[in-house]
Amino acid sequence: MDKVGLVGFSGSGKSTVFHWLTGVAPDPARVQQGQTGMAKLPDPRLDRLSALFHPKKTTPAEIAFLDTPGLDTAERRDNPRRLGILREANGLVVVLNGYSGGDLADELRRFRAETAFADLEIVTNRLSKVEANLKKPRPAKEREADLNEKAVLERLAAALETESTTAMELKPEEEKAVRSFQLLTLKPEIVLVNQGDALVGQPLPASLMALAPTALAAPARLELELAELPEADRAAFAADLGLTGSARDATLRAIFAAMGRIVFYTVGEDECRAWPLRRGADAVEGAGSLHTDFAKRFVRAEVVGYDDFLRAGSMKEAKALGVYRLEGKTYIVQDGDIMHILASS
């Protein structure tokens, strides 16, 4: 399962965001090691399928969030260690302080500088080891591998020194060579402005949007406080504050999409379930989400798109209309596909 790291400077409200997204109250005793919490992905399509099939169980996709120690703006020496906790994460949500009137673009630039510095330390240490290996007698194949890695590391180091890794693309073989380093600057980044009450509904500064065009904004603390009110009072208070809908639901869906994930569904009387999957994955990888044996023994997949199924009204009608089809191993799973995996015994 993917894990998304929440990161930001101390005082950004990062732990409030963690509580808001997961419903798990931050534990002060775990602040230095990081704390994990789960959030169920809001999914109106799954709700509709469940209403049609009346299953015994409905299971949404989930996102794991990792709350981490805030970065210190004054004493930076410990920041690489604090960031190191995030290396196991598949993506980062950078929480910015949107309630104190500070310069959000500057805060993001400072954060990116911290991650670049932490990554540069890892890359230069590895580069020193590779250069030492090249001075020793080595088989030709190993020497060639070291030279290739050295070239990639030198490019990364140069980019990190200028904090320009966001513009650097690695070829698949290059990405594989540095994958084990879990560089933070190469992970998907989602910028989330933790807004104060007075800024609800206000557009984000153009200077920030220039750095992070997909930046999100949400009043995490305000929505947490509203959730504690009696249900009868909640809607009235939300209306008075200018809140429409749930920023939490929209934020979770945006984070999920920014991580490069889609969902496909399995349906039936026992269970309707949403399965998270890497965008661009084929049917075999999708089958492996259900069970590793299904990937090994994959024969074909029966597939119907969510919209096609709704228009048809039933699986029987979907087959009659020709939108319920058989797909092989190379089929690229589409967001919203309803799938039934057929595997050999």
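See the structure printed just above.
The paragraphs below set out a description of the structure included in this document.

**Focus on the side chain of Arg87**
Inference 1: Mapped onto the elements of the fold, Arg87 is located in the loop between helix H3 (79–84) and strand S5 (91–98).
Inference 2: Side chain to side chain, Arg87 and Asp119 meet in a polar contact 2.8 Å long.
Inference 3: Those residues in contact with Arg87, other than ones at most four positions away along the chain, are Ala118, Asp119, Ile122, Phe181, Gln182, Leu183, Leu184 and Lys187.

**Some remarks on the sheet that holds strand S1 (residues 3–7)**
Inference 1: Taken together, the six strands give an open sheet; going across it, the order is S2-S4-S1-S5-S6-S7, and neighbouring strands pair in mixed fashion. Each edge of the sheet is formed by a strand with only one pairing partner; in this case those strands are strand S2 (35–40) and strand S7 (216–218). Within the sheet, the average angular offset between the axes of one strand and its neighbour, ignoring direction, is 30 degrees.
Inference 2: The pairing of S5 with strand S6 (residues 189–195) spans seven bridges and is parallel. Bridged to Gly98 within S6 is Gln195.
Inference 3: Packing against the sheet, helix H1 (residues 14–22) makes contact with S1, S2, strand S4 (62–67), S5, S6 and S7, and its axis sits at approximately 40 degrees to S2.

**Observations regarding the pairing of S5**
Inference 1: S5 sits mainly inside the fold: eight of its eight residues count as buried.
Inference 2: With burial as the criterion, each face of S5 is covered, one bearing Gly91, Val93, Val95 and Asn97 and the other bearing Leu92, Val94, Leu96 and Gly98.
Inference 3: Bridge count between S1 and S5: four bridges; the pairing is parallel. Bridge pairing links Gly5 to Leu92 in S5.

**A closer look at the pairing of strand S8 (residues 261–266)**
Inference 1: Of all six residues making up S8, six are buried, and the element is well covered by its neighbours.
Inference 2: Both faces of S8 are covered, namely the face carrying Arg261, Val263 and Tyr265 and the face carrying Ile262, Phe264 and Thr266.
Inference 3: One ladder, built from six bridges, connects S8 with strand S9 (residues 271–278); its direction is antiparallel. For Val263, the partnering residue across the bridge sits in S9 and is Pro276.

**As for the side chain of Thr251**
Inference 1: Within the secondary structure, Thr251 is located in helix H10 (residues 247–258).
Inference 2: Using a relative accessible area of 4% as the deciding quantity, one classes Thr251 as buried.
Inference 3: Residues in contact with Thr251, not counting those within four places in the same chain, are Trp20, Leu21, Leu192, Leu216 and Ala218.

**What to know about H10**
Two residues of an α-helix separated by three or four positions point the same way, owing to the 3.6 residues in each turn.
Inference 1: Spanning 12 residues, H10 covers 16 Å between terminal C-alpha atoms, matching the ideal 16 Å at 1.5 Å per step.
Inference 2: Taken together, the buried positions of H10 are occupied by Ala247, Thr251, Leu252, Ile255 and Phe256. Buried residues of H10, seen end-on, are gathered within an arc of 165 degrees and therefore sit on one face of the element.
Inference 3: After H10 finishes, the residue Gly260 shows a positive phi value of roughly 75 degrees.

**A look at the nonpolar core**
Inference 1: Leu6, Val17, Trp20, Leu21, Phe65, Val93 and Ile255 are the most contacted members of the largest nonpolar core, which totals 37 residues.
Inference 2: With sequence-adjacent residues up to four places away left out, Val93 is seen in contact with Val4, Gly5, Leu6, Val7, Ile190, Leu192 and Ile255.
Inference 3: Judged by nonpolar contacts, the second largest core, of 19 residues, contains Leu86, Phe111, Leu184 and Ala212.

**Let's talk about unusual backbone geometry**
Inference 1: Even without being a glycine, His54 presents a positive backbone phi close to 50 degrees.
Inference 2: With respect to the helices and strands, His54 occurs in the loop between helix H2 (44–53) and strand S3 (57–59).

**Topic: the layout of surface pockets**
Inference 1: The calculated volume of the second largest pocket comes to roughly 480 Å³.
Inference 2: Along the wall of the second largest pocket there are 21 residues; nearest its centre are Met1, Asp2, Glu62, Pro276 and Leu277.
Inference 3: Of all the elements in the fold, those that place two or more residues in the lining of the second largest pocket are S4, H10, S9 and helix H11 (283–290).
Inference 4: Take the lining of the second largest pocket: its biggest share by element is six residues, from S9.
Inference 5: Considered class by class, the residues forming the lining of the second largest pocket number 12 nonpolar, two polar and seven charged.

About the thresholds
Residues numbered from 1 in each chain as written. Predicted model: local features only at pLDDT ≥ 70, side-chain atom pairs only at ≥ 80, totals over all residues. Heavy atoms only, no water. Helix = DSSP H or I, 4+ residues; strand = E, 2+ residues; numbered from the N terminus. Polar contact = N/O pair within 3.5 Å; in protein donor to acceptor, adjacent residues only side chain to side chain. Contact = heavy atoms within 4.5 Å. Pairing = 2+ DSSP bridges. Axes fitted to C-alpha atoms, helices over the stretch in contact; angles between N-to-C directions. Buried < 20%, exposed > 50% of the residue type's maximum accessible area, 1.4 Å probe, protein only. Expected span 1.5 Å × (residues − 1). Arc of directions from axis to C-beta. Core = buried A, V, L, I, M, F, W, Y, C linked by side-chain atoms within 4.5 Å. 1 Å grid on protein atoms, 1.4 Å probe; cavity = no way out; pocket = protein on both sides within 12 Å on 5 of 7 lines; lining within 4 Å. Points joined across faces, edges and corners; volume = space filled by probe spheres on them. Nonpolar A, V, L, I, M, F, W, Y, C, P; charged D, E, K, R; others polar.

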